[in-house]
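# Breakdown of the fold
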Amino acid sequence: MARKHFVGVDVGGTKVVAALVNSKGRIFSRRKEATPRKGGPRPIVRLIERLIREAASERGLKPGDLSGVGIGVPGIVAPDGRSVLVAPNVGLAGYALARELERRLGVCVTLGNDVNVGVVGEHWLGAARGVDSVVGLFPGTGVGGGVIAGGRLLVGANGAAAELGHILMEPGGHLCGCGNRGCLESLASRTAIERDLKRALRAGERSILTELVGRTPKVIKSKALAKALKRKDPLVTRVLRRAGEVLGSACVSLRHCFDPQLFILGGGVIEACGGFLLPIVQHAIDHDPFFRKVGRCRVVCARLGDDAVVLGAVALARQGSGR
């Protein structure tokens, strides 16, 4: 029994989640705690180790009883899945995380970019189950992406493939966090949507948002956007329509690159406003004259929510352990 269990870990900028999962994707236990913000990699490593041990102990298991551990991290991971190369939001850059955890736990550890891992989770047990070619886009603080081609995750020569949020959509446009201007992320992320709404509110444009979040909000959450859409607020409708059109154009270009069977869109904005955004994206794909006679490519919402990364991490761990 013990050799059929894995732990999947989702390391985020604000929290770390570890879950004990069997080889069929059933989650038995979860542990969650805030991500340490100071002290470099060692406090994060100690937390990950402790959460793995606690998740395993729920079933009376020790780390050595596990078949493997998979971890999703927000950054660029080396192609061999052993170390973190770049991690802007957590203190793990340049750290051989897999090797250190293997030393501490005595079990095989495999790493992956968190959004890539989330797409793997959707491919294993979610919206892309049974589909060989998938592109995932996840608008949030940025726009994360992941590509599965021929049933395999595309990682690239340096582990940096599928940084889809940084494809250029509007040269010379808004400055992106990556340093370029006019990236998809700078136009269609939740951060970009919030920026455009705040600018309009400061300019005096009327909106139901002032009732929901005030005239000068620090944050405009996805739930507030959904409420404003439901009430057909002109400002929110216009800004979200523009974001949907940009996402649609991006998907048309990505389809030309990868010819996927399926696009998966996920993240908080999509969960809250997908009923409005997905038809806009689907319309753009359906009306691409170049691919019109090739066959239809569907756009769907991600299904696994917060479990996508831990389940995808387990899928990576299964591969890493040779299962």
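Going by the structure above, here's the rest.
Because the structure is predicted, anything quoted here is derived from the model rather than measured.

### As for the overall build of the chain
Across its full length, the chain holds ten helices and twelve strands. Over its C-alpha trace the chain gives a radius of gyration of 20 Å, about what one expects of a compact globule, namely 20 Å for 323 residues. When the backbone C-alpha atoms are referred to their principal axes, the chain occupies close to 60 × 50 × 35 Å. A buried classification covers 52% of the 323 residues belonging to the chain. Across the chain, the fraction of contacts at a sequence separation of at least 24, relative to all contacts at a separation of at least 6, is 62%. Carbon and sulfur atoms make up 49% of the accessible area of the chain, which amounts to about 15,000 Å² in all. Looking at charge distribution, the chain has the averaged site of its 48 positive side-chain charges lying 3 Å from that of its 27 negative ones.

### Some points on helix H3 (residues 114-125)
With twelve residues, H3 should cover 16 Å at 1.5 Å per step; its first-to-last C-alpha distance of 16 Å lies within 8% of that length. Judged by how many residues are buried, H3 sits mostly within the fold: nine of twelve residues are covered. Turning to H3, its buried residues are Asp 114, Asn 116, Val 117, Gly 118, Val 119, Val 120, Gly 121, Glu 122 and Trp 124. Capping the start of H3, Asn 113 holds a side-chain oxygen 3.0 Å from the backbone nitrogen of Val 115, two or three residues further along.

### Describing the sheet that holds strand S8 (residues 134-139)
The strands that make up a sheet are held in pairs by hydrogen bonds between backbone atoms, and each pair lies either parallel or antiparallel. Pairing is mixed across the open sheet formed by five strands, whose spatial order is S10-S9-S8-S11-S12. On the outer flanks of this sheet lie strand S10 (152-153) and strand S12 (298-301), each paired with one strand and no other. The sheet contact formed by strand S11 (residues 262-265) and S12 spans four bridges and is parallel. When the sheet's bridge partners are listed, Leu 262 is paired in S12 with Arg 298. Its contacts with the sheet place H3 against S8, strand S9 (143-149), S10 and S11, and it is angled at close to 50 degrees to S9. Here helix H9 (residues 268-286) sits on the sheet and contacts S8, S11 and S12; the angle it forms with S12, its principal contact strand, is near 175 degrees.

### Quick word on the sheet that holds strand S1 (residues 5-11)
Strands sit in the order S3-S2-S1-S4-S7 across an open sheet of five strands; the sheet is mixed. Looking along the sheet, the strands with just one partner apiece sit at the ends: strand S3 (27-34) and strand S7 (109-113). Taking the axes of each pair of neighbouring strands and ignoring which way they run, one obtains an average angle of 15 degrees across the sheet. Where S1 lies against strand S4 (residues 68-73), five bridges are found, and the strand directions are parallel. Residue pairing in the sheet places Val 9 in a bridge with Ile 71 of S4. Along the sheet face, helix H2 (residues 97-105) touches S4 and S7 and points at about 150 degrees away from the line of S7. Running at roughly 105 degrees to S7, H3 makes contact with strand S2 (15-22), S4 and S7 of the sheet.

### Structural notes on the environment of Ile 264
With respect to the helices and strands, Ile 264 occurs in strand S11. You can call Ile 264 buried: its relative accessible area is 1%.

### Focus on the side chain of Ser 222
Within the fold, Ser 222 resides in helix H7 (residues 222-230). With relative accessibility at 11%, the residue Ser 222 sits in the buried group. With near-sequence residues (within four places) excluded, Ser 222 lies in contact with Arg 190, Gly 268, Val 269, Ala 272 and Cys 273.

### Notes on the side chain of His 5
With respect to the helices and strands, His 5 occurs in strand S1. Look at His 5 and you get buried, because its relative accessible area is 4%. With residues up to four places along the chain from it excluded, the contact list for His 5 reads Leu 20, Val 21, Asn 22, Phe 28, Arg 59, Leu 61, Leu 66, Ser 67 and Gly 68.

### Some remarks on the packing of H3 against helix H10 (residues 308-320)
The interhelical angle for the contact between H3 and H10, taken along N-to-C directions, is 80 degrees, at an axis separation of 7 Å. For the element pair H3 / H10, the angle class is roughly perpendicular. On H10, the residues that touch Asp 114, Val 117, Gly 118, Val 120, Gly 121, Glu 122, Trp 124 and Leu 125 of H3 are Ala 308, Val 309, Leu 311, Gly 312, Ala 313, Val 314, Ala 315, Leu 316 and Arg 318.

### Points about the pattern of salt bridges
Evaluation of the coordinates by the stated rule reveals 17 salt bridges. A salt bridge links Arg 50 to Glu 54; the shortest N-O distance between them is 3.3 Å. Taken together, the positions of Arg 50 and Glu 54, both in helix H1 (residues 41-57) and four residues apart, correspond to about one turn of that helix. By relative accessible area, which is 34% here, Arg 50 ends up partly exposed. Here Glu 54 falls in the partly exposed class, since its relative accessible area comes to 26%. Among the salt bridges present, the one from Glu 102 reaches Arg 82, with a minimum N-O distance of 2.6 Å.

Definitions and limits used
Residues numbered from 1 in each chain as written. Predicted model: local features only at pLDDT ≥ 70, side-chain atom pairs only at ≥ 80, totals over all residues. Heavy atoms only, no water. Helix = DSSP H or I, 4+ residues; strand = E, 2+ residues; numbered from the N terminus. Rg over C-alpha atoms; globule rule 2.2 N^0.38 Å. Buried < 20%, exposed > 50% of the residue type's maximum accessible area, 1.4 Å probe, protein only. Contact = heavy atoms within 4.5 Å. Areas by Shrake-Rupley, 256 points an atom, 1.4 Å probe, with all protein chains shown as cover. Lys, Arg positive; Asp, Glu negative; His and termini not counted. Charge placed at Lys NZ, Arg CZ, Asp CG, Glu CD. Expected span 1.5 Å × (residues − 1). Polar contact = N/O pair within 3.5 Å; in protein donor to acceptor, adjacent residues only side chain to side chain. Pairing = 2+ DSSP bridges. Axes fitted to C-alpha atoms, helices over the stretch in contact; angles between N-to-C directions. Parallel < 35°, antiparallel > 145°, perpendicular 65-115°, else oblique. Salt bridge = Lys/Arg side-chain N within 4 Å of Asp/Glu carboxyl O.

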